[in-house]
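Survey of secondary and tertiary structure
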Amino acid sequence: MSDPRIIVALDFPDAEEAISFTAKLDPTECRVKVGKELFTAAGPRLVEKIIGRGFDVFLDLKFHDIPSTVANACKAAARLGVWMMNVHALGGRKMLHAAREAVPTGSAKLIAVTLLTSMEHSDLDDVGLKGEPQDVVRRLAMLAQDCGLDGVVSSALEAAELRKAMGERFCLVTPGIRPAGASLDEQKRVTTPRQAIINGSNYLVIGRPITQASDPASLLRRLNQEIAGVEITPLPDRTRNDHA
Ligand code: C5P
């Protein structure tokens, strides 16, 4: 497999655990995501090490700050050699433009978080956002697209609607994925890998079902087989990082 759609969330507390886990994975079978916990504990050297082992890294730090600070953070992430990074769409148009300028189209993929899926209607009222969560998600996704970003993170359940609204070339990255029969952990609204792809997702973020599996490599192979026959949405960009 040359262009894996599964991104394994490396939600580990330190570099040692993350490195010993990635040793069980094959970079042709998956990409990996480094988020706030692991990055805060282990820093950029760990990211370089994982990239050095051939993995495409999605740096999930959801930058949200004034435009120049976000632009500089994005440049630093691009220098690290990450394949994908994200910013928070609620940072607004100027911030999104600054991020895009810092990471030109065709280099690292730049996507936006719209609304965190933990936000419900009452949370939107609290922070003064109007409309239902799905309306806010669509509005922020359109803002991200308008500012030239490559895509958004979204719930796989909302992917079908977003795919329709945003067109074929917009990248949808979806967490909240559970293989049939797997534990839900605290995820409430989940989708199987196959259904997420059918809904129009390009990349599936999967954490604990894989990180806590007794044989992560064979589970990944099985999940890749499960989604292999469902090539409904072409990937917006089929090129991989040079590291891969
Ligand atoms: O272990 P699990 O598959 O639930 O991990 C999902 C990953 O996706 C975690 O790293 C989590 O932070 C991230 N995520 C999510 N829901 C969102 C955004 C990100 O689960 N709405």
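Each remark here, short or long, concerns the structure printed above.
Remember, it's a predicted structure, so these values are computed and weren't measured experimentally. (Residues numbered from 1 in each chain as written. Predicted model: local features only at pLDDT ≥ 70, side-chain atom pairs only at ≥ 80, totals over all residues. Heavy atoms only, no water.)

Side note on the pattern of salt bridges
Put simply, the test is: Salt bridges, as used here, are contacts in which a Lys or Arg side-chain nitrogen is within 4 Å of a carboxyl oxygen on Asp or Glu. The way it works is that DSSP assigns letters per residue, a run of H or I at least four long becomes a helix, a run of E at least two long becomes a strand, and they are numbered from the N terminus. The classification of residues rests on relative accessible area computed with a 1.4 Å probe and restricted to protein chains. Under 20% of the type maximum is buried, over 50% is exposed, and intermediate values are partly exposed.
All chains considered together, the criterion is met by 13 salt bridges. A salt bridge links Asp 60 to Lys 33, with the shortest nitrogen-to-oxygen separation between them at 2.7 Å. Here Lys 33 lies in strand 2 (residues 31-34) and Asp 60 lies in strand 3 (residues 57-63), a separation of 27 residues in the sequence. Assigned by exposure class, Asp 60 and Lys 33 land together as buried. A salt bridge links Arg 208 to Glu 186; the shortest N-O distance between them is 2.7 Å.

Digging into the pairing of strand 3
Inclusion rule: A pair of strands counts as paired when DSSP detects no fewer than two bridges linking them. Seen with its strands pointing away from the viewer, a crossover is right-handed when the path leading from the first strand over the helix to the second is clockwise.
Across the seven residues that make up strand 3, a large majority, six, are buried. By the bridge criterion, three bridges tie strand 2 to strand 3 in an arrangement that is parallel. From the neighbouring strand, Val 34 faces strand 3, where its bridge partner is Leu 59. Traced from strand 2 through helix 2 (residues 36-52) to strand 3, the parallel crossover comes out right-handed. Pairing between strand 3 and strand 4 (residues 84-88): three bridges, direction parallel. Residue pairing in the sheet places Leu 59 in a bridge with Met 85 of strand 4. As a crossover connection, the stretch from strand 3 through helix 3 (residues 67-80) into strand 4 is right-handed.

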